[in-house]
Amino acid sequence: MSGKKGQIRLKANPHSARQKAWQSMRILRTFTLPDLMRTTGEKKSDNIRKLAGQLAVHGYLSVADDWVRGEKGSYKRWSIRVNPGPLLPVVCKRCGQVLATKECKAPEEAGNV
Amino acid sequence: MKHEMAMTKNVRRFLGAVRELSQRGPGLEGMGLLGGEPGEGKTTTLAYVSNLVNGVYVRANACWTVTAMLAEISHELGLPRQRLKHPMINAIIGAMLIEPRPIFVDEADYLLRSTDMLDTLRDIYDMVPGACVILVGMEELAAKVRANGRFARRITQWVEFSGLDVTDAVTLAATVCEAQVGRDLVEHLHRETRGNVGRMVVGLSRIESLGKANGLEVVDLAAWGDRELFYDQSLRTKRRK
């Protein structure tokens, strides 16, 4: 991959699976992981599951509470909370860190810790 | 379960319509219409096709004016924000000439309130070879358009989603289910779910579990017996009585 080690890509690749998943999220608004896989044509769920988890940590998605864990044919349902536009957010607007960071803390909050 | 898009008749028809509009000859109108009742998979198909053809998706609303519509399309194309209609439409046409993309307008019923919005969309696809506009709405949209001859003339592709038939159910079972499902069981599933895709997928996941647990090559109606296919199946039967 091109770029310096640790360099943050500020723009998502417009033809990537993640960008397609983001477009699907914006169209469907409430969705499950199979919905995203079906509409993006992805065969493996790992990438999209990770993306949904990262977006949820940074407040872009929320999990619907009517989901029953372990029930056959039931999947976690997500809904979109913040829709900043057609391009997949790569850097969180609230904390200013990349989506891959595991917690979202505003800079002043992070400074107090 | 395999989470893949089943190529049902509805999906194939819509994909074919978008491709025909994108590759239309000169002088032909480039507007299509997708209608159907709620729950027939319009939005999922729209998301799938939009990703496949790199479409521009916008959702109309009751407050839409020509300016609001152009601002929304500009935003989707990643263009800088502008206040006036004329520079906005020029920027949109400029961007679309570099990369022609189909525009999908969801909740298009709102567009029929003003002819100006439809004329503006027509200007965009007239100026950009390879671009087209697909209006998506409820089943009433088709009736409204039909009633107005001026709009109907511009629509060259009509796709109305209908419920899944048994052939579609067989396609769905073959696409998503990892176990082989007998024709009689697919027919039973189709009858019980009344062609609802979501319930069919739940039923197929249960059928697949049964097949895997018992090492069955083909799960048919005899193997399935009178088990429940989906959670509220018995409740629905009671209600019908």
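The coordinates are above.
Cut-off values and rules
Residues numbered from 1 in each chain as written. Chains lettered and ligands numbered in written order. Predicted model: local features only at pLDDT ≥ 70, side-chain atom pairs only at ≥ 80, totals over all residues. Heavy atoms only, no water. Axes fitted to C-alpha atoms, helices over the stretch in contact; angles between N-to-C directions. Helix = DSSP H or I, 4+ residues; strand = E, 2+ residues; numbered from the N terminus. Parallel < 35°, antiparallel > 145°, perpendicular 65-115°, else oblique. Left-handed = near helix turned anticlockwise from the far one by under 90°. Contact = heavy atoms within 4.5 Å. Nonpolar A, V, L, I, M, F, W, Y, C, P; charged D, E, K, R; others polar. 1 Å grid on protein atoms, 1.4 Å probe; cavity = no way out; pocket = protein on both sides within 12 Å on 5 of 7 lines; lining within 4 Å. Points joined across faces, edges and corners; volume = space filled by probe spheres on them. Buried area = accessible area lost by both parts, 1.4 Å probe. Salt bridge = Lys/Arg side-chain N within 4 Å of Asp/Glu carboxyl O. Polar contact = N/O pair within 3.5 Å; in protein donor to acceptor, adjacent residues only side chain to side chain.

To continue, consider the packing of helix α1 (residues 17-28) of chain A against helix α3 (residues 46-57) of chain A. All names here are of chain A. Interaxial distance between α1 and α3 falls to 10 Å at its minimum, and their mutual angle equals 60°. Taken together, the axes of α1 and α3 lie oblique to each other. Considering how the two elements wind past one another, α1 and α3 form a crossing that is right-handed. Across from Ala17, Arg18, Ala21, Trp22 and Met25 in α1, the residues of α3 making contact are Asn47, Ile48, Lys50, Leu51, Gln54 and Leu55. The class makeup of the residues in the contact of α1 with α3 is seven nonpolar, two polar and two charged.

In this structure, the second largest pocket occupies an estimated 660 Å³ of space. As for the second largest pocket, its lining consists of 25 residues, of which Pro14(A), Leu87(A), Asn54(B), Glu76(B) and Arg101(B) are closest to the centre. Those elements that place two or more of their residues in the lining of the second largest pocket are α1 of chain A together with α2 (42-53), β2 (56-59), α3 (66-76) and α4 (85-98) of chain B. Split into classes, the residues belonging to the lining of the second largest pocket amount to 11 nonpolar, nine polar and five charged.

Here we come to the interface of chain B and chain A. The interface of chain B with chain A comprises 20 residues on the first partner and 21 residues on the second. Taken together, the two surfaces of chain B and chain A that pack against each other cover about 1,900 Å², and 56% of this comes from carbon and sulfur. The largest per-residue losses of area from chain B upon contact with chain A belong to His3(B), Asn51(B) and Tyr57(B), which jointly make up 34% of the total buried on that side. Applying the counting criterion to the chain B and chain A interface returns one salt bridge. The partner of Arg26(A) in a salt bridge is Glu76(B), and the shortest N-O contact between them spans 2.5 Å. There are six residue pairs in polar contact (both at pLDDT 80 or more) connecting chain B and chain A. Per element, the largest residue contribution to the side of chain B that touches chain A is six residues, and it comes from α2(B). Considering only residue class, the side of chain B that touches chain A consists of six nonpolar, 10 polar and four charged.

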